[in-house]
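Summary of the model geometry
Chain residues, written in single-letter form:
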Amino acid sequence: MSLATLAARGAIALGDGRFVVDTIEVDPPGPGEVRVRLAAAGLCHTDHQSLGWPGPLVMGHEGAGVIEALGEGVEHLALGQRVLLNWAIPCGRCVRCAAGEGHLCDRTHGVDPSLGRSDAAEGGTRWLGRPIGRAFRLGTLSELTVVRAEALTRIPAALPLHHACILGCGVMTGVGSVIHSAKVQPGDSVAVIGCGGVGLSVIQGARIAGVGRIVAVDRRAEGLERARAFGATDTVGVHEDDVELRQAAAAVRLLTGGRGVDHAFEATGVDRLAFAPLRFVRHGGTALQVSGTRGAASVDPVDFWWDKRYLVPLYGGCQPDRDFPQLARWALDGRLDLQRMVTRRYGLDALPQAMDDLLSGRNIKGVIEFGDVA
Ligand SMILES: [Zn+2]
Ligand SMILES: [Zn+2]
């Protein structure tokens with residue numbers, strides 16, 4: 001175990017839309033913290049958004065690696081263990097954590113001012129001699145990071161780390177939204193709007209949950225083809241002039257005897273479509289927005305008729321100790337296909353190319369790999 005400050009290569013968002021790959025310094029872990037040598041980090045659209053956050057900060061929030069050093073008081077983890085990082089770090093002590101909703105932790109999300117913000121781990125990283133932050137208190141686009149021990153979950157050695165890393169955001173969000181948020185039951189019907197990384201994870205979750213009919217909705221023929229490969233039973237293409245998805249919704253209702261599906265998931269990332277899934281569900285059905293849009297969208301109250309529910313789940317209700325081992329088991333027994341989700345792997349220096357590919361939708365998931373991890 002090294003208790004020295006170490007140099008590492010990392011991607012730094014500058015706060016003005018640009019980023020650089022450069023050398024940073026990472027301190028040894030403080031009390032309750034762990035230093036992780038990252039093996040792989042998945043990319044998602046949030047990483048692109050983070051370029052505009054107040055910087056500079058180390059980018060990245062999906063990652064898997066190996067424990068390199070343990071801080072004082074961390075007893076349930078050991079050096080050399082393979083771990084997955086989670087970005088909604090539960091404190092384990094607030095009201096929401098005590099209620100078993102650690103993904104909504106009041107401390108991590110800064111809701112309860114008396115708790116303060118849990119940014120103790122935000123020290124410990126410097127660039128050009130100055131302390132800098134890390135995205136989601138993780139900063140996985142770096143060879144090394146220091147995080148709170150609660151951000152880590154052990155994963156089986158048999159699971160390749162370049163597959164494991166994507167469990168930490170997009171896959172968890174998609175699969176968890178199906179199982180924990182929508183509480184989909186065997187035989188239910190589901191529509192998935194948008195067949196990128198999150199949408200395909202929704203489809204995989206629905207298949208694992210035993211859904212009878214999984215209707216994929218996408219503009220691109222390629223998206224629909226992928227959807228079929230991951231378990232969609234039906235596909236509906238979106239016509240170019242169908243900007244509100246009214247025609248697509250009508251086509252999905254036709255497939256379900258005019259009623260609409262039990263659950264519809266929006267996974268497009270397009271602001272104006274945030275409420276679109278309401279038009280795909282039956283009376284009393286559940287519409288979910290899982291792509292994390294934040295821009296304004298208008299909705300007709302009639303779309304909520306009758307007794308429809310609308311949810312914007314956070315992180316698929318992620319409880320790391322429950323969900324990551326389960327996802328890893330499904331990946332190992334072949335039910336959760338991660339191999340075909342990771343369509344391209346890059347070295348850290350190819351991050352500009354990887355970000356271009358992210359924005360153009362060329363990958364399902366692109367993964368950055370760091371060399372020489374056990
Ligand atoms: Zn908490
Ligand atoms: Zn993400």
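Residues numbered from 1 in each chain as written. Chains lettered and ligands numbered in written order. Predicted model: local features only at pLDDT ≥ 70, side-chain atom pairs only at ≥ 80, totals over all residues. Heavy atoms only, no water.

The protein chain appears in an unreviewed UniProt entry as Histidine kinase from Rubrivivax albus. In its Sequence similarities (unreviewed entry) section, UniProt records this for the protein chain: "Belongs to the zinc-containing alcohol dehydrogenase family." Under the UniProt heading Cofactor (unreviewed entry), the note attached to the protein chain is "Zn(2+)". (UniProt positions renumbered as here; feature names shortened; annotations may be inferred.)

Bringing the coordination of the zinc ion (ligand 1) into the picture now. Those protein atoms acting as donors to the zinc ion (ligand 1) are Cys-91 (SG), Cys-94 (SG), Cys-97 (SG) and Cys-105 (SG), and they sit at 2.3 to 2.4 Å. Its four donor atoms give the zinc ion (ligand 1) angles of 102 to 115° at the centre, a pattern that matches the tetrahedral case. All donors to the zinc ion (ligand 1) come from one chain, and their sequence spacing reads C-x2-C-x2-C-x7-C. (Donors = N, O, S within 2.8 Å, 3.2 Å for Na, K, Ca; no water. Tetrahedral: all angles 85-135°; square planar, octahedral: opposite > 155°, others 65-115°.)

Let us now look at the coordination of the zinc ion (ligand 2). Summarising the metal site, the zinc ion (ligand 2) is bound by the protein donors Cys-44 (SG), His-61 (NE2) and Cys-169 (SG), whose distances to it range over 2.1 to 2.2 Å. Sequence spacing of the donors to the zinc ion (ligand 2): C-x16-H-x107-C. Of this pair, Cys-44 sits in the loop between strand 3 (33-42) and helix 1 (45-49) while His-61 is found in the loop between strand 4 (57-58) and strand 5 (64-70), placing the two residues 17 residues apart along the sequence. (Helix = DSSP H or I, 4+ residues; strand = E, 2+ residues; numbered from the N terminus.)

The next thing to look at is the domain arrangement of the protein chain. The domain architecture assigned to the protein chain consists of domain 1 (6-168 + 341-369) and domain 2 (173-316). Counting residues at the interface gives 15 residues for domain 1 and ten residues for domain 2. Among the residues domain 1 hides against domain 2, the three largest losses belong to Trp-87, Met-341 and Ile-364. Together they make up 51% of the total. Scanning the region where domain 1 abuts domain 2 turns up zero salt bridges. Taken together, the residues that form the side of domain 1 that touches domain 2 break down as six nonpolar, eight polar and one charged. (Domains from an automatic or database assignment. Contact = heavy atoms within 4.5 Å. Buried area = accessible area lost by both parts, 1.4 Å probe. Salt bridge = Lys/Arg side-chain N within 4 Å of Asp/Glu carboxyl O. Nonpolar A, V, L, I, M, F, W, Y, C, P; charged D, E, K, R; others polar.)

Moving on, we come to the pairing of strand 1 (residues 6-13). Pairing of strand 1 with strand 2 (residues 19-26) involves eight bridges; the strand directions are antiparallel. Pairing of Leu-6 across the sheet is with Val-26, part of strand 2. Hairpin remark: strand 1 followed by strand 2, antiparallel, with five residues in the connecting loop; positive phi at Gly-15, about 95°. Of the pairings in the sheet, the one linking strand 1 to strand 4 comprises two bridges and is antiparallel in character. Paired with Ala-13 across the two strands is Leu-57, which belongs to strand 4. (Pairing = 2+ DSSP bridges.)

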